[in-house]
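Residue-level structure breakdown
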Amino acid sequence: MPDLNVLTRYDCDRDQLAALLDDQPTYRVDQAWHGLYQLRCEPDDMTSLPMALREQLTHQLPLALAVAARSTSDEGATIKWLWTCGDGSQIETVLMHYDDRSTVCVSTQSGCAMGCRFCATGQAGYGRNLSVGEIVEQVIHAQQQAGADHRRVSNVVFMGMGEPLANFDQLDAAVRRLHGDLGLSARHLTISTVGLVPGIDRLAHSDLPVNLAVSLHAANDTLRDELVPINRRYPLATLEAACVRYLDAKGRRLSFEWALIDGVNDQPRDAAELADIAYRLRAHVNLIPLNPTPGYLTQGTPRRGVVDFRDALRERGVRATVRQNRGTDIDAACGQLRATAEAAPVALRRSRPT
Ligand code: SAH
Ligand code: SF4
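As the structure is a computational prediction, the values presented were derived from the model and not from experiment.

The subject of this paragraph is the site of ligand 1. In the vicinity of ligand 1 there are 18 residues, among which Gly-162, Ser-192, Ser-215, His-217 and Asn-291 approach most closely. Phe-118 places a main-chain nitrogen or oxygen 3.2 Å from a nitrogen atom of ligand 1. Between Ser-215 and ligand 1, the recorded distance is 2.5 Å, taken from a side-chain N or O atom to an oxygen atom. Across the complex, the protein chains shield 92% of the 530 Å² of accessible surface that ligand 1 would expose by itself.

What follows covers the confidence of the model for the protein. Residue-level pLDDT values for the protein average 91, and 90% of them are 70 or greater. Per-residue pLDDT stays below 50 along residues 1-5; that stretch engages in 7 contacts with residues further than four places along the chain or on separate chains. Segment residues 342-354: pLDDT under 50, and 17 contacts once partners within four positions in sequence are set aside and those in other chains are kept.

Moving on, we get to the pattern of salt bridges. Pairs may arise between side chains of opposite charge once their charged atoms sit close together. Counted under the stated rule, the structure contains 16 salt bridges. Of the charged contacts, one joins Glu-134 and Arg-128 as a salt bridge, the two residues approaching to 2.9 Å between their closest N and O atoms. For Glu-134, a relative accessible area of 6% puts it in the buried group. Between Asp-311 and Arg-310 there is a salt bridge, with the nearest N and O atoms lying 3.1 Å from each other. Overall, the relative accessible area of 25% leaves Asp-311 in the partly exposed class. On the basis of relative accessibility, which here comes to 18%, the residue Arg-310 falls in the buried class.

Attention now goes to the environment of Ala-218. You can see Ala-218 is positioned in the loop between β9 (211-215) and α8 (221-227). Its relative accessible area of 1% is what places Ala-218 among the buried residues. As for Ala-218 and Ala-271, which are separated by 53 residues in sequence, their C-alpha atoms are 9.4 Å apart. Those residues in contact with Ala-218 that sit more than four places away from it in its chain are Leu-223, Arg-224, Leu-227, Leu-236 and Trp-258.

It is worth spelling out the packing of helix α9 (residues 236-250) against helix α10 (residues 268-281) at this point. The contact between α9 and α10 brings their axes to 10 Å, and the two run at 25°. As the angle between them shows, α9 and α10 are arranged roughly parallel. With respect to the hand of their crossing, α9 and α10 are arranged in right-handed fashion. Here Glu-240, Cys-243, Val-244 and Leu-247 of α9 lie close against α10, whose contacting residues are Ile-277, Arg-280 and Leu-281. Of the residues that constitute the contact of α9 with α10, the class distribution is 5 nonpolar, no polar and 2 charged.

Procedures and definitions
Throughout this description, residue numbers start from 1 for each chain and increase along the sequence as written. To read the labels, note that chains go from A and ligands from 1, taken in the order they are written. Reporting of local features is limited, given that this is a predicted model, to residues whose pLDDT is at least 70; pairs of side-chain atoms are given and counted only at 80 or more, and all residues count toward the totals for whole chains, interfaces and linings. Each side-chain value is derived from all of the structure's non-hydrogen atoms; neither hydrogens nor water enter the calculation. Residues are counted as near a molecule or strand when any one of their heavy atoms sits within 4 Å of it. Here a polar contact means two N or O atoms within 3.5 Å. Within protein one must be a hydrogen donor candidate and the other an acceptor candidate, and residues neighboring in sequence count only if both atoms are side-chain atoms. Note on areas: Shrake-Rupley with a 1.4 Å probe; residue coverage comes only from the protein chains shown. Residue-level confidence of the predictor is summarised by pLDDT, bounded by 0 at the bottom and 100 at the top. Residues are treated as being in contact if the distance between any of their heavy atoms lies within 4.5 Å. Here, a salt bridge means any side-chain nitrogen of Lys or Arg that lies within 4 Å of a carboxyl oxygen of Asp or Glu. Each residue gets one of three labels from its accessible area relative to the maximum for its type: buried under 20%, exposed over 50%, partly exposed in between, using a 1.4 Å probe on protein chains only. Helix and strand labels come from DSSP, where a helix needs a run of H or I of at least four residues and a strand needs a run of E of at least two; each type is numbered from the N terminus. To get an axis, fit a line to the C-alpha atoms, keeping to the stretch in contact for a helix; angles then go from 0 to 180 degrees between the N-to-C directions. Each angle is binned into one of four classes, with values under 35 degrees roughly parallel, values over 145 roughly antiparallel, values of 65 to 115 roughly perpendicular, and all other values oblique. Each crossing gets its handedness from the near helix: less than a right angle anticlockwise from the far helix is left-handed, clockwise is right-handed. Under the grouping applied here, Gly and all other residues not named as nonpolar or charged are polar, the nonpolar ones being Ala, Val, Leu, Ile, Met, Phe, Trp, Tyr, Cys and Pro and the charged ones Asp, Glu, Lys and Arg.

Dropping the structure here:
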């Protein structure tokens, strides 16, 4: 039996809420759940509940995340938060408004154990797994912000800090909450992985039709071993076999993420190697120029090189798009706000305060 007094608001599942309100009629549990997931408001604003109950919920179900920093860029179309969790860990969330959708990028761990050289989160090392509530609450805050911006969160990408498939159980429970209680279409949820084969296999057998993105960055083992150290445990042939099993089980499209690093993985030979594997798996390729990080100062590929690389893929029959680089002036790339905040708080002044 969990200690109900230390549950955070969105860690609390429906049974636990019912236990918390066991002296109340069932419809009160429904009203409170509705307030949490449909109205997404503070208990104080759940006007259908009696005052004493609102106070009880405020007191017994505190939020898990406190804002440590918030910044906007792209004329308000990109909003980034740095949150402090109950134990002092810091994580980040980014909300991006596009013409046709609003996407929130959430973290699943504080830090990351995978140690990819070019990634600020990897450079910082591993903290811990986030709880279901900490993951869900990031989406709730983004939905509240989107509402204030007269928008609606339509997509969630698990591409913030951490490796989602290394925190599988909480990820799975959070996905179910987003789908079942927040009403987000599973087809609009995308899990990004560095290539953890056991996690891909578990996902292949999950009943929810979420999207899978594999962060490839190199299509030969020598380079991938160097950029993405987990490749030594799950080399490309093993990873490709897992992708095939995933495709067979799910019948869903797969995508590859490829951060273009100047002079490292952006040459014609790299495009040819990537095209081979992407063609075999019918995968869509998302290209993004690398954002330089404090621990890996190599630049992203310049614009011309990005276009050439994309065209080289397309010529080989591979669908490839260049991802818009959102929020570069607020360091809205994986783990970078925290890295900047720790290294030089003054750097945050570059972004417009809100
Ligand atoms: N751990 C998961 C999800 C979080 S990282 C994964 O690796 O897929 C989300 C994406 O950001 C990954 O594709 C990752 O490779 C990419 N990324 C990390 N650091 C980056 C950087 N400095 N510039 C551009 N993309 C980066
Ligand atoms: Fe972890 Fe992903 Fe960063 Fe690699 S790129 S260190 S897996 S967060």
